[in-house]
Amino acid sequence: IGAGKISNYHLKGLSANEDCHLYAICDSAPDGRAEAQKEKYGADKAVLDYKELLGDPNVDAAIVITPDNCHMEQACAFLRDGKPVLLEKPMALTAEECEEMLRVQKETGVMLMVGQVARYNPSFIKMKEMIDAGEIGELTFVESEYAHDYSIYRGYNDWRISPEREGVIGGGCHAIDLLRWLAGNPKDVRAYSNHKYLTEWPVNDTTIAIYNFPNNVIGKVFCGIGVNRAYTMRTCLYGTRGTIVFESGRKFLELFQCDKDDIHKGFTVPKRIPVEIKGHNMQDEIKDFVGALKAGKPAPISPLEGASTVAVARATVTAAATGKAVKIKYPKI
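Small disclaimer: the values here were computed from a predicted structure and weren't measured.

Reading guide: rules and limits
In this numbering scheme, every chain counts its residues from 1 along its sequence in written order. Residue-level local features of this predicted model are given only where pLDDT is at least 70; pairs of side-chain atoms are given and counted only at 80 or more, and the full residue set underlies all totals for whole chains, interfaces and linings. By convention in this description, side-chain values take in all heavy atoms of the structure and omit both hydrogens and water. In plain words, nonpolar cores are sets of buried Ala, Val, Leu, Ile, Met, Phe, Trp, Tyr and Cys residues tied together by side-chain atoms within 4.5 Å. Accessible area is worked out with a 1.4 Å probe on protein chains only. A residue is then buried under 20% of its type maximum, exposed over 50%, and partly exposed in between. Strands are runs of DSSP state E lasting at least 2 residues, helices are runs of H or I lasting at least 4, and numbering of each runs from the N terminus. Residue contacts follow a heavy-atom distance rule, with two residues in contact if any of their heavy atoms lie within 4.5 Å. In this scheme, patches are assembled from residues that exceed 30% relative accessible area and form no salt bridge. Like charges are connected within 9 Å, while nonpolar side chains (Val, Leu, Ile, Met, Phe, Trp, Tyr) are connected within 5 Å. Here the Shrake-Rupley method, with its probe set to 1.4 Å, supplies the accessible areas, and only the displayed protein chains count as covering residues. Put simply, a salt bridge is a Lys or Arg side-chain nitrogen that is within 4 Å of an Asp or Glu carboxyl oxygen. Pairs were defined over the aromatic rings of Phe, Tyr and Trp, the Trp ring being its six-membered one, requiring ring centres within 6.5 Å. Orientation was assigned from the angle between planes: stacked under 30 degrees, edge-to-face over 60, tilted for the rest. In this scheme, Lys NZ or Arg CZ marks a charge over a ring once it lies within 6 Å of the ring centre and within 35 degrees of the ring normal. Here, the term disulfide refers to a pair of cysteine sulfur atoms separated by no more than 2.5 Å. Strands qualify as paired when DSSP identifies two bridges or more between them.

(A) Molecular detail of the nonpolar core. L139, V142, V189, Y211, L237, I244 and L253 are the most contacted members of the largest nonpolar core, which totals 45 residues. When residues of this core are assigned to their parent elements, the largest contribution, six residues, is made by helix α7 (residues 173-183). If sequence neighbours within four positions are ignored, Y211 has contacts with I176, P186, D188, V189, V217, I218, G219, V221, V312, T316 and I328. In this structure, I1, V47, A62 and V114 belong to the second largest nonpolar core, which totals 28 residues.

Next comes the structure, spelled out in C-alpha cells:
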C-alpha cells in the first residue's frame, strides 16, 4: 500500500523472496504510479483504494508504506480484516495513534511489525554484536545523526510538509530507534531546535537532543532535514575500553580499543572491521516478517518498539518547544 519512491526497496525485497507473491499494489495518486509499479514488478493487479483489498481472500498480508498520517487507519483496517501488517516507520505521528494500533493489534491478535530498518543495517548489527560482546567495555556515551535534505524530497502533494510531521518524528526516528536498540529506553530528554533551512516549512528543521539512558549512559541525536550534504546516519559509540565509529558509505567500522590489560596505556591503532553496505535493507526486513509468519512466531520488531520510538520523538519535540527537560512516557498497552 503506497507506490512512491520508497516502494522500490520493498518491492525489490518481495521480488527476491521465494516465499512471497506480489498480488496487488495500491496507491491513491491518480498519476498511474500504482499501475507503473505493477508492470515493473509483475503484480497481479493495481488499485487506487486500499479498501478494495479488504476481504479479498487472495491477500495474506499487507505492507503499508503510505504517508505517516495514513498509517493508523490503514494498518488497523488490515488488522481487523485478519491480515498481518508490516508498517513503515514512523509507526504514527502521535502517541495516541500508536496506542490505538496497539489496542487493535492486541484485540485481533494479528501480527503488526514496525519497519525500523536501521536495525537491519549490517553496520549497526555488527555494532550491537560488539557492544554485547563487551568489546568496548561499558557504554558511556552514544550518538547518532539523521542528516537529510528534504527540500528535494517533499513527497507527493508535499505530504512531508505538515505541521504534525516534525523532522524528528518522520526522519530522526531512525537515529532515536537505533540508540534505543543499542542502549535501552532513555528516561528523559532535553532538546533545542531552530528553523533556518526550510524556512517556508511549518516545522523546525534542525534539532539536537540529549538523552538520559539507563546505566547513566548519555546519548545525543542530531536531526537535520535541510542540511547541505549527502544523507548520513553517522554513529559513534563510546565505552570504557574503546570506541566504535560508523560513517555512512564506508565498507568498514572503525574500532579503537584500549590495551586489554591496562586501559591507561591508551587506545590501539584503529582497526577496520569490514561490513556490508545494504542501504535501506528492506529485503532482510521482509524476510524476517515473512519468516515469522510462516513459523507462527511474534513480530521480529514488536509494535511496542515502534510506539516507544514515537514516544521518545514526541517528547523530544516537546522538550525543544518548552526548553525544559521532559520525562518520556512510554505506552503500556
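(B) Summary view of unusual backbone geometry. With an omega of -15°, the peptide bond running from K89 to P90 counts as cis. Tracing the chain through its elements places P90 in the loop between β4 (85-88) and α4 (95-108). Phi is positive for D158, close to 60°, though the residue is something other than glycine. Checked against the element boundaries, D158 lands in the loop between β6 (139-147) and α6 (167-170). For D158, a relative accessible area of 32% corresponds to the partly exposed category. Not every positive phi belongs to a glycine, and N216 is a case in point at roughly 60°. The residue N216 is located in the loop between β8 (206-213) and β9 (217-224) in this model.

(C) Molecular detail of a nonpolar patch on the surface. Residues I208, I210 and I218 make up a contiguous nonpolar surface patch of about 220 Å² in total accessible area. Relative to the helices and strands, I208 resides in strand β8.

(D) Quick look at the packing of aromatic side chains. Under the counting rule described, the total for this entry stands at seven aromatic pairs. Taken together, a centroid distance of 5.6 Å and an interplanar angle of 35° make the contact between F141 and Y238 tilted. With F141 in strand β6 and Y238 in strand β10 (residues 235-239), the pair connects residues that are 97 residues apart, well separated along the chain. Judged by its relative accessible area of 30%, Y238 falls in the partly exposed class. An angle of 80° between the planes, with centres 5.7 Å apart, marks the rings of Y146 and Y231 as edge-to-face. Of the two residues, Y146 is situated in strand β6 and Y231 in the loop between β9 and β10; the sequence distance between them amounts to 85 residues. For Y146, a relative accessible area of 4% corresponds to the buried category. By relative accessible area, Y231 is classed as partly exposed at 32%. Its end group placed over the ring of W181, K128 keeps NZ or CZ at 5.5 Å from the ring centre.

(E) Highlighting the state of the cysteines. Evaluated as defined, the whole model comprises zero disulfides. C70 provides the cysteine sulfur closest to C26, a residue in no disulfide bond, and the two sulfurs are 10 Å apart. We note that C76 lacks a disulfide partner, and the nearest cysteine sulfur, in C98, lies 10 Å from it. By relative accessible area, C76 is classed as buried at 3%.

(F) View of the pairing of β8. Across six bridges, strand β7 (residues 188-194) lies against β8 in antiparallel orientation. Bridge pairing links V189 to Y211 in β8. Direction of pairing for β8 relative to β9: antiparallel, over a ladder of eight bridges. Opposite N212, over in β9, you have I218 as the bridge partner. Linkage of β8 to β9, two consecutive antiparallel strands, is achieved through a turn of three residues, within which N215 is found at a positive phi near 60°.

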